[in-house]
Amino acid sequence: MEDLSHEKVGAEDVGERGFPSGPANRSRAAFLLSAALGSGAVLTGLASAAQEAEFEPHEIDVLNFDLTFEYLQAGFYDEALRFGALGGEATRWASVIGAHEHAHVDILRTVLGPRAVKKPFFDYRGVTENEDAFTKTAVAMEDLTTALLTGQVHDFRTPALVSALFSLITVEARHAAWVRNVVGVLPIAAPLDEPKSLKEVAEVIGSTRFMKENPITWAKTAPRFTG
Amino acid sequence: MRHRSASSARATNQAASVTRAEFLGKVLAGGGVLLVGGLPILSRGPRSAGAVQSPRMDKEILNFALLLEYLEDAFYRDALENGALSGQLLRFAEEVGRHEAAHVELLRDALGSDARARPTFDFGNATADPQEFSSSAVIIEETGTAAYIGQGANLSSAMAVTAGRIASVEARHTAWIRDIAGREPAPHAADPSMTKREVTAAIRRTGFLT
């Protein structure tokens, strides 16, 4: 992935991984982001909509929930790689998938701008320190993200958001299939993926106890959820 | 004899990895984004997004999706009938073939009497030779996935939900066959879309539609 260093985008207000995040930089950031990700129309459309502040409050809430989950995933892969308990093959797929989750964090932060929630503190409770536990949890997380995102298609009214959502659903689904294949489990369980509500996903995240804050409580304090 | 192999990279050009230089070149040469005074004047978004949703448009899109599902269903059926596959590829074709058959049924049910008829296909060597099967499957699944991404925002909300649930499964298929074929299962952080025209052209290039 292209290095978006301070020198290239200006020293002002850089966020996670050196990505420009101040409001003044959002449109430029969006352009650079779509260029780096190489997926053209889907993300430029999204960036355009974000610029024009077309999102409804409910869409913002859902996007922020997604951002929290992406933070959780990105951190999970980061920590496992840092800890170094993974073999060569696991290191490879964890690096690729982890980079994607970071890119998803960047996308959501770009789209949400100043409305983006802060990264919470996570405690992965030793799961990242053992390849077997890590791999099984990765499968569960990728399946869960797929369920979360497929469950949100009706939440978004803005066409650019629906398009972007589809292009992220398919990536998370690829991740899930990939890691399932690694573990030796069937990559796909059924002809249609089963969606989950935000509430259901919050409950699953809560049960991991990776988040210091209870995600169910967190989800309920945000204004409107489809539950 | 006409070469039916769909191993040409062109059909998956959209879906394959694109370097930043290539992408910028495409975009600045008159694609969707212009830079004016250092700020991007962005395109209005995906060409297909923002199209007015309607039951008529739903039918059109679902019939388009049905064509792709017919193709996939027939492709796997043919390969299995030919007894061409073994091991992982066989497992893949059996499982995925079941899903594509289910997708055909689902779309035909949704469309009722408006469902298009099943076309005839000729897969030639692509369903007889494991290597050609493999590369053809990658192209077909990638195209299907990109097609759903391209149309998602054009569907009414209820149909879009179903389309999303199918798209994720097509993406799983794609990652699986890519993994079997020794290719990167998830080449992008965000998957590209294909317009109806691009998908049609890609299908035509395979030569499978008679």
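The text that follows walks through the structure, step by step, so that each part is easy to find. Since the model is a prediction, treat every value here as computed from it, not as a measurement.

### Section: the environment of Thr68 of chain A
Residue and element names in this part refer to chain A.
Part 1: Here Thr68 is to be found in helix α4 (residues 57-83).
Part 2: As a C-alpha pair, Thr68 and Ala47 span 21 residues in sequence and 20 Å in three-dimensional space.
Part 3: Leave out the neighbours within four places in its chain, and Thr68 touches Val117 and Pro120.

### Observations concerning helix α6 (residues 196-206) of chain B
Residues and elements named next belong to chain B.
Part 1: Turning to α6, its buried residues number three or more, namely Val199, Ala202, Ile203 and Thr206. The buried side chains of α6 occupy one side of the element, clustering within an arc of 95 degrees when seen end-on. Among the exposed residues of α6, those pointing more than 90 degrees away from its buried face are Arg197 and Arg204.
Part 2: Each element contacted by the buried residues of α6 is listed here: α2 (55-82) and α4 (130-151).

### Things to note about helix α7 (residues 159-183) of chain A
All names here are of chain A.
Part 1: In a regular helix each residue adds 1.5 Å, so 25 residues correspond to 36 Å; α7 covers 36 Å between its end C-alpha atoms and thus fits that length.
Part 2: In terms of burial, α7 is a largely internal element, 23 of the 25 residues being buried.
Part 3: Two residues or fewer past α7, Gly184 is found with a positive phi of approximately 90 degrees.

### So, the nonpolar core
Part 1: One finds Leu46, Leu161, Val162, Ala164 and Leu165 of chain A together with Leu71 and Ala167 of chain B to be the most contacted residues of the largest nonpolar core, which totals 110 residues.
Part 2: Here this core takes 14 residues from α7 of chain A, the largest share from any one element.
Part 3: Residues contacting Ala164 of chain A, with those up to four places away along its chain left out, are Val42, Leu43 and Leu46 of chain A.

### Things to note about the packing of α4 of chain B against helix α5 (residues 157-180) of chain B
Residue and element names in this part refer to chain B.
Part 1: Following both chains from N to C, one finds α4 and α5 inclined at 155 degrees, their axes separated by 9 Å at the closest point. Here α4 is positioned roughly antiparallel relative to α5, judged by the angle of their axes. Relative to α5, α4 is oriented so that their crossing is left-handed. Here Ser134, Ala137, Val138, Glu141, Glu142, Gly144, Thr145, Tyr148, Ile149 and Gln151 of α4 come into contact with α5, specifically with Ala163, Ile166, Ala167, Glu170, Ala171, His173, Thr174, Ile177, Arg178 and Ile180.
Part 2: In the contact of α4 with α5, the residues fall into 10 nonpolar, six polar and four charged.

Cut-off values and rules
Residues numbered from 1 in each chain as written. Chains lettered and ligands numbered in written order. Predicted model: local features only at pLDDT ≥ 70, side-chain atom pairs only at ≥ 80, totals over all residues. Helix = DSSP H or I, 4+ residues; strand = E, 2+ residues; numbered from the N terminus. Contact = placed C-beta atoms within 7 Å. Buried ≥ 20, exposed ≤ 12 C-beta atoms within 10 Å, placed from the backbone. Arc of directions from axis to C-beta. Expected span 1.5 Å × (residues − 1). Core = buried A, V, L, I, M, F, W, Y, C linked by C-beta atoms within 7 Å. Axes fitted to C-alpha atoms, helices over the stretch in contact; angles between N-to-C directions. Parallel < 35°, antiparallel > 145°, perpendicular 65-115°, else oblique. Left-handed = near helix turned anticlockwise from the far one by under 90°. Nonpolar A, V, L, I, M, F, W, Y, C, P; charged D, E, K, R; others polar.

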